[in-house]
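Here is how the chains run, residue by residue.
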Amino acid sequence: MVSQRLSGLSLMLALLLSVLLTGCAELPSYNRTPERPTLLSQVDTAAERLVKNTHGRLAPSDTIIATTFVDVDQLGRSSTLGRTLSEAMTSKLVEQGLNVIEVKLRDSLYIEEYAGEMILSRNVQRLGNNYNASAVLLGTYAVARGEVFVNARLVRLADQLVLGASSFRIPMDADVQMLLTSPY
């Protein structure tokens, strides 16, 4: 009788121990390194901050032209990354309800193949007039050892006032490296 009780108690303890260990396996691991942010998640967050930072200086009826993000050290040079940053930022601005003009459908903006929609300071006012735009999205990026630093701005064309700005970093992974090394 005592041996049956000990056997039953042992079985219950074994079951209880297995349930406890199984439950612990489902707990989050505190030793796990957090996932690094992706290019798109960084752009999404930066676009939200950019719009928020306008503090109402951008009217709901204002229209924006998006230009290609450029290398901060060579403002006339970009890459697939620069074009991708512009495209992703534009998507997020539109999602937030801003009016962004698609300039790729028109002939009057200089678009260089494999370079993108480059904006030159002497053409900014004419560009705004041609598209009836009140602001421009522009940005720069700088390549560092383990990441890329990105700065995005919404600038009013009438007086070049920065309406909103946002800076962020993108981890340098294999995808970002490939976007930076354009074959063209």
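Okay, so let's go over this structure.

Each value, and the rule that gives it
Residues numbered from 1 in each chain as written. Predicted model: local features only at pLDDT ≥ 70, side-chain atom pairs only at ≥ 80, totals over all residues. Heavy atoms only, no water. Helix = DSSP H or I, 4+ residues; strand = E, 2+ residues; numbered from the N terminus. Contact = heavy atoms within 4.5 Å. Areas by Shrake-Rupley, 256 points an atom, 1.4 Å probe, with all protein chains shown as cover. Buried < 20%, exposed > 50% of the residue type's maximum accessible area, 1.4 Å probe, protein only. Pairing = 2+ DSSP bridges. Salt bridge = Lys/Arg side-chain N within 4 Å of Asp/Glu carboxyl O. Axes fitted to C-alpha atoms, helices over the stretch in contact; angles between N-to-C directions. Parallel < 35°, antiparallel > 145°, perpendicular 65-115°, else oblique. Left-handed = near helix turned anticlockwise from the far one by under 90°. Core = buried A, V, L, I, M, F, W, Y, C linked by side-chain atoms within 4.5 Å. Expected span 1.5 Å × (residues − 1). Polar contact = N/O pair within 3.5 Å; in protein donor to acceptor, adjacent residues only side chain to side chain.

**Some words on the overall build of the protein chain**
Along the protein chain, the regular secondary structure elements total five helices and eight strands. Reading the protein chain from its N end, one meets helices and strands in the order α-α-β-β-α-β-β-β-α-β-β-β-α. A separation of at least 24 residues holds for 65% of the contacts in the protein chain among residues at least 6 apart in sequence. Surface summary for the protein chain: the accessible area is close to 11,800 Å², and the carbon and sulfur share equals 56%.

**Looking at the pairing of strand β1 (residues 63-66)**
Along any regular strand the residues' side chains alternate between the sheet's two faces. Burial along β1 is two-sided: the residues Thr63 and Ile65 and Ile64 and Ala66 are all buried. With three bridges joining them, β1 and strand β3 (residues 99-101) adopt parallel strand pairing. Bridged to Ile65 within β3 is Ile101. Across three bridges, β1 lies against strand β6 (residues 135-143) in parallel orientation. Of the residues in β6, the one forming a bridge with Ala66 is Leu137.

**Topic: the pattern of salt bridges**
Applying the stated criterion across every chain, the model contains five salt bridges. Among the salt bridges present, the one from Glu147 reaches Arg169, with a minimum N-O distance of 3.7 Å. Here Arg169 lies in strand β8 (residues 162-171) and Glu147 lies in strand β7 (residues 147-156), a separation of 22 residues in the sequence. A relative accessible area of 22% means that Glu147 is categorised as partly exposed. With its nearest N and O atoms 2.9 Å apart, the salt bridge here joins Asp159 to Arg156. Classification of Asp159 as partly exposed rests on a relative accessible area of 42%. Bridged by salt links that share partners, the residues Glu48, Lys92 and Glu95 form one connected network.

**Considerations on the environment of Ser91**
Looking at the element boundaries, Ser91 is found in helix α3 (residues 80-95). Considered as a pair, Ser91 and Asp44 are 47 residues apart in the sequence and their alpha carbons are 9.0 Å apart.

**Brief notes about the packing of helix α2 (residues 39-52) against α3**
At their nearest, the axes of α2 and α3 sit 9 Å apart, and the two run at 55 degrees to each other. Accordingly, the angle class assigned to the pair α2 and α3 is oblique. Taken as a pair, α2 and α3 cross one another with a handedness that is right-handed. In this structure, α2 uses Leu39, Leu40, Val43, Asp44, Ala46, Ala47, Glu48, Leu50 and Val51 to contact α3, whose residues at the interface are Leu81, Thr84, Leu85, Ala88, Met89, Lys92 and Leu93.

**Some details on the nonpolar core**
With 29 residues, the main nonpolar core has Leu85, Met89, Leu93, Leu137 and Val148 as its most contacted residues. Residue assignment for this core shows that the elements contributing at least two residues are α2, β1, α3, β6, β7, β8 and α5 (174-180). Top contributing element to this core by residue count: α2, with six residues. Apart from the residues lying within four places of it in its own chain, the contact partners of Met89 are Val43, Ala46, Ala47, Leu50, Phe69, Leu137, Ala152 and Phe168. Val103, Ala133, Val136 and Leu157 belong to the second-largest nonpolar core, a separate cluster that totals nine residues.

**Section: α3**
For α3, which comprises 16 residues, the first-to-last C-alpha distance of 22 Å matches the rise-based estimate of 22 Å (1.5 Å per residue) to within 8%. Within the sequence span of α3, burial applies to Leu81, Gly82, Arg83, Leu85, Ser86, Ala88, Met89, Thr90, Lys92 and Leu93. Here α3 starts with a cap whose side-chain oxygen sits 3.2 Å from the backbone nitrogen of Leu81, and that cap is Ser79. In the stretch just after α3, Gly97 is the one whose phi turns positive, near 95 degrees.

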